[in-house]
Amino acid sequence: MAAVEPSASGVPQIADSSQPDSRDEGLAAIGGNVGAVWRAWWTWSPGNGTFNLQIPWNVIGIDSTVVITASEIDSNGNRFVGAAPFQVSSIAPGNGVVTFKISIGWNSPLPMRTDVLVFN
């Protein structure tokens, strides 16, 4: 198993987010075996390499199902598919936080956005 390979640019840090202020903001009835779904996004400072990152969010619990996607963004924060591969893996929800692994396969730091779906 490969070790975490931080880049010379350092670990990406959260730059912005759409995280709601309240746990109940935007809540709608879902049905089935899902009681609630939340969606938000976070932008990050540029990075490259492989890192373990965390997103704090009070709607996440240890039994939540969390889906995370990652995309490169332009200077306006718009997502696009470029030549660099972005890979999200090892998603582990905890109480009020989700930890995940991101791999950005490029030789220089790139800015990114993560979109997060939480199912409870």
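Before any of the text, the structure's been laid out above.
Remember, predicted model here, so these are calculated numbers, not experimental data. (Residues numbered from 1 in each chain as written. Predicted model: local features only at pLDDT ≥ 70, side-chain atom pairs only at ≥ 80, totals over all residues. Heavy atoms only, no water.)

Colleague: Can you tell me about the overall build of the chain, naming the residues and giving the values?
Modeller: Broken down by element type, the chain carries zero helices and eight strands. Going from the N terminus to the C terminus, the chain shows its helices and strands as β-β-β-β-β-β-β-β. Expressed as a percentage of its 120 residues, the buried residues of the chain come to 35%. Counting contacts in the chain only where the partners sit at least 6 residues apart, residues at least 24 apart contribute 73% of the total. (Helix = DSSP H or I, 4+ residues; strand = E, 2+ residues; numbered from the N terminus. Buried < 20%, exposed > 50% of the residue type's maximum accessible area, 1.4 Å probe, protein only. Contact = heavy atoms within 4.5 Å.)

Colleague: Kindly report on the side chain of E72, identifying the contributing residues and their values.
Modeller: Mapped onto the elements, E72 comes out in strand 4 (residues 65-73). At 12 Å, R79 is the nearest oppositely charged side chain to E72, a buried residue that forms no salt bridge. In contact with E72, not counting residues within four places along its chain, are N78, R79, F80, G82, A84, F86, L110, P111 and M112. (Lys, Arg positive; Asp, Glu negative; His and termini not counted. Salt bridge = Lys/Arg side-chain N within 4 Å of Asp/Glu carboxyl O.)

Colleague: For the pairing of strand 8 (residues 110-119), give the residues involved together with the corresponding values.
Modeller: Strand 8 sits mainly inside the fold: seven of its 10 residues count as buried. When strand 2 (residues 37-47) meets strand 8, the two strands line up antiparallel, connected through nine bridges. In the strand pairing of strand 8, W42 is matched with T114. Sheet topology note: the strand 4/strand 8 ladder contains eight bridges and is antiparallel. Bridging from a neighbouring strand, A70 pairs with T114 of strand 8. (Pairing = 2+ DSSP bridges.)

Colleague: Lay out the nonpolar core in plain terms, naming residues and giving numbers.
Modeller: The biggest cluster of nonpolar side chains holds 24 residues, and the ones touching the most others in it are W57, I102, M112, V116 and V118. Put simply, the parts of the chain that give this core at least two residues each are strand 2, strand 3 (49-56), strand 4, strand 7 (97-104) and strand 8. When neighbours within four sequence positions are excluded, I102 is seen to be in contact with G49, T50, F51, L53, A70, Q87, V88 and M112. (Core = buried A, V, L, I, M, F, W, Y, C linked by side-chain atoms within 4.5 Å.)

Colleague: Report on the sheet that holds strand 3, specifying residues and quantitative values.
Modeller: Backbone-to-backbone hydrogen bonds join strands into a sheet, with any given pair of strands oriented parallel or antiparallel. Taken together, three strands build an open sheet; the order of strands is 3-7-6 and the sheet is antiparallel. Of all the strands in the sheet, just strand 3 and strand 6 (86-94) have a single pairing partner and so form its edges. Put simply, the sheet's adjacent strands are angled 20° from each other on average, direction ignored. (Axes fitted to C-alpha atoms, helices over the stretch in contact; angles between N-to-C directions.)

Colleague: Outline the sheet that holds strand 4, listing residues and values.
Modeller: Taking strand neighbours across the sheet as the criterion, the five strands line up as 1-2-8-4-5 in an open arrangement whose pairing is antiparallel. Single-partner strands in this sheet number two, and they are strand 1 (14-17) and strand 5 (79-80).

Colleague: Any details on the pattern of salt bridges? Residues and values, ideally.
Modeller: One pass over the full model with this rule turns up three salt bridges. Across the pair R39 and D115 runs a salt bridge whose closest N-O atoms are separated by 3.3 Å. A residue pair is termed long-range when its members are at least 10 positions apart, and R39 in strand 2 and D115 in strand 8 qualify at 76 residues. Exposure remark for D115: the relative accessible area of 9% places this residue in the buried category. Each of R39, R79, R113 and D115 takes part in a single network of salt bridges with overlapping partners.

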